[in-house]
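So you can see what is in the structure, the chains are spelled out below.
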Amino acid sequence: MSETKRINYNVPVDLAPHIQLFADQDGQNVRYWLRKVLEKAVNERLKSAS
């Protein structure tokens, strides 16, 4: 079984209120919202690379 690794990163202060607003608008917590945004971005990039 492969090991899952976590990447810890900082969100720029000027983006934080927007991220919170978008997560609230989608009815999700910030962690989940960020995860889904990142997954979508990575999947789109992988698709375009193939």
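In this report, we go over the structure that sits alongside the text. (Residues numbered from 1 in each chain as written. Predicted model: local features only at pLDDT ≥ 70, side-chain atom pairs only at ≥ 80, totals over all residues. Heavy atoms only, no water.)

**Overview of helix α2 (residues 30-49)**
To be explicit about the condition: Runs of H or I in DSSP of at least four residues are treated as helices and runs of E of at least two as strands, each being numbered from the N terminus. Each residue after the first adds 1.5 Å to the expected span of a helix. Pairs of N or O atoms are called polar contacts if they sit within 3.5 Å, as long as, within protein, a hydrogen donor faces a hydrogen acceptor (for residues adjacent in sequence, only side-chain-to-side-chain pairs).
Between the first and last C-alpha of α2 there are 29 Å, a value that for 20 residues agrees with the 28 Å anticipated at 1.5 Å per step. Structurally, the start of α2 carries an N-cap: the backbone nitrogen of Arg31 is 3.1 Å from a side-chain oxygen of Asn29.

**Some words on the environment of Lys5**
Assignment of secondary structure puts Lys5 in the segment before α1 (16-25). Along the chain, Lys5 and Lys47 lie 42 residues apart, while their C-alpha atoms are 22 Å from each other.

**Side note on the packing of aromatic side chains**
What counts here: In this scheme Phe, Tyr and Trp rings, the latter by its six-membered ring, pair at centre separations within 6.5 Å, and the angle between planes marks the pair as stacked below 30 degrees, edge-to-face above 60, and tilted otherwise.
Under the criterion given, the structure shown has one aromatic pair. Residues Phe22 and Trp33 carry aromatic rings whose centres are separated by 5.9 Å and whose planes lie at 40 degrees to one another, so their mutual orientation is tilted. Placement of the pair is Phe22 in helix α1 and Trp33 in helix α2, with a sequence separation of 11 residues.

**A short note on the layout of surface pockets**
Operational definition: For cavity detection a 1 Å grid was placed over the protein atoms alone, and a set of points counts as a cavity when a 1.4 Å probe fits there but cannot get out; an open set counts as a pocket when protein lies on both sides within 12 Å along at least five of seven lines, with lining residues being those that have an atom within 4 Å of a point. Grid points are joined across faces, edges and corners, and a volume is the space filled by probe spheres set on the points. As a working rule, the residues Ala, Val, Leu, Ile, Met, Phe, Trp, Tyr, Cys and Pro are called nonpolar, Asp, Glu, Lys and Arg charged, and the rest polar, with Gly in that last group.
Its boundaries defined by the atoms lining it, the largest pocket holds a volume of some 630 Å³. Every residue lining the largest pocket is counted, 15 residues in all, and those nearest its centre are Arg6, Ile7, Tyr9, Arg35 and Leu38. Its residues assigned to classes, the lining of the largest pocket shows seven nonpolar, three polar and five charged.

**Observations regarding the packing of α1 against α2**
Rules: A fitted line through C-alpha atoms serves as each axis, taken over the contacting stretch for helices, and the angle formed by two N-to-C directions is quoted from 0 to 180°. Roughly parallel covers angles under 35 degrees, roughly antiparallel covers those over 145, roughly perpendicular covers 65 to 115, and oblique covers all other angles. What makes two residues a contact is simply this: any of their non-hydrogen atoms within 4.5 Å.
Packing of α1 against α2 brings their axes to within 9 Å, and their N-to-C directions diverge by 95 degrees. Between α1 and α2, the crossing angle belongs to the class labelled roughly perpendicular. Together, Ile19, Gln20, Phe22 and Ala23 of α1 and Val30, Trp33 and Leu34 of α2 make up the contact between the two elements. Residues that form the contact of α1 with α2 fall into these classes: six nonpolar, one polar and no charged.

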